[in-house]
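Spelled out, the chains give:
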Amino acid sequence: KTVRQELTLIQKLKEDKTDLDKELKKYKIDPESLIKNLPNGRYKILLVLQAMMGSPELVILDEPFAGLDVVNRKIIEKILKKYNHGTIFLKKSI
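Everything in this summary refers to the structure shown in the same document. (Residues numbered from 1 in each chain as written. Predicted model: local features only at pLDDT ≥ 70, side-chain atom pairs only at ≥ 80, totals over all residues. Heavy atoms only, no water.)

### Describing the packing of helix α1 (residues 3-14) against helix α3 (residues 40-52)
(1) Moving on: Between α1 and α3, whose axes approach to 10 Å, the crossing angle comes to 15°. As summarised for this structure, α1 and α3 are arranged roughly parallel, according to the angle between their axes. Our pair here, α1 against α3, has a crossing hand that is right-handed. Across from V3, E6, L7, I10 and K14 in α1, the residues of α3 making contact are L46, Q50 and A51.
(2) Moving on: In terms of residue class, the contact of α1 with α3 is made up of five nonpolar, one polar and two charged. (Axes fitted to C-alpha atoms, helices over the stretch in contact; angles between N-to-C directions. Helix = DSSP H or I, 4+ residues; strand = E, 2+ residues; numbered from the N terminus. Parallel < 35°, antiparallel > 145°, perpendicular 65-115°, else oblique. Left-handed = near helix turned anticlockwise from the far one by under 90°. Contact = heavy atoms within 4.5 Å. Nonpolar A, V, L, I, M, F, W, Y, C, P; charged D, E, K, R; others polar.)

What follows is the structure, given as structure tokens:
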């Protein structure tokens, strides 16, 4: 499955109006890439984008920063701040 196929499906399910091409370009993710071929950082960014689509009131993320470098962590933090319209719980192992 490509990134575009996956996000289009999520967008329809959540009745989201996000400009997918603009968002993917901003985070340097090729919409025609196969999801299984994405590097770990880009894959996690994609997962967070999916979770935040549709402006959910509650989001629970299990270790969204695990295994990421500082650059990708900051990108995910920006996404969470930009699309937060409710409560976000972040689980972190100690």
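Now that the structure is up, let's keep going.
### Observations concerning α3
(1) Moving on: Taking 1.5 Å per residue as the helical rise, α3 with its 13 residues ought to reach 18 Å, and the 19 Å between its terminal C-alpha atoms agrees with that figure.
(2) Moving on: One or two positions beyond α3, positive phi appears at G54, with a value near 85°. (Expected span 1.5 Å × (residues − 1).)

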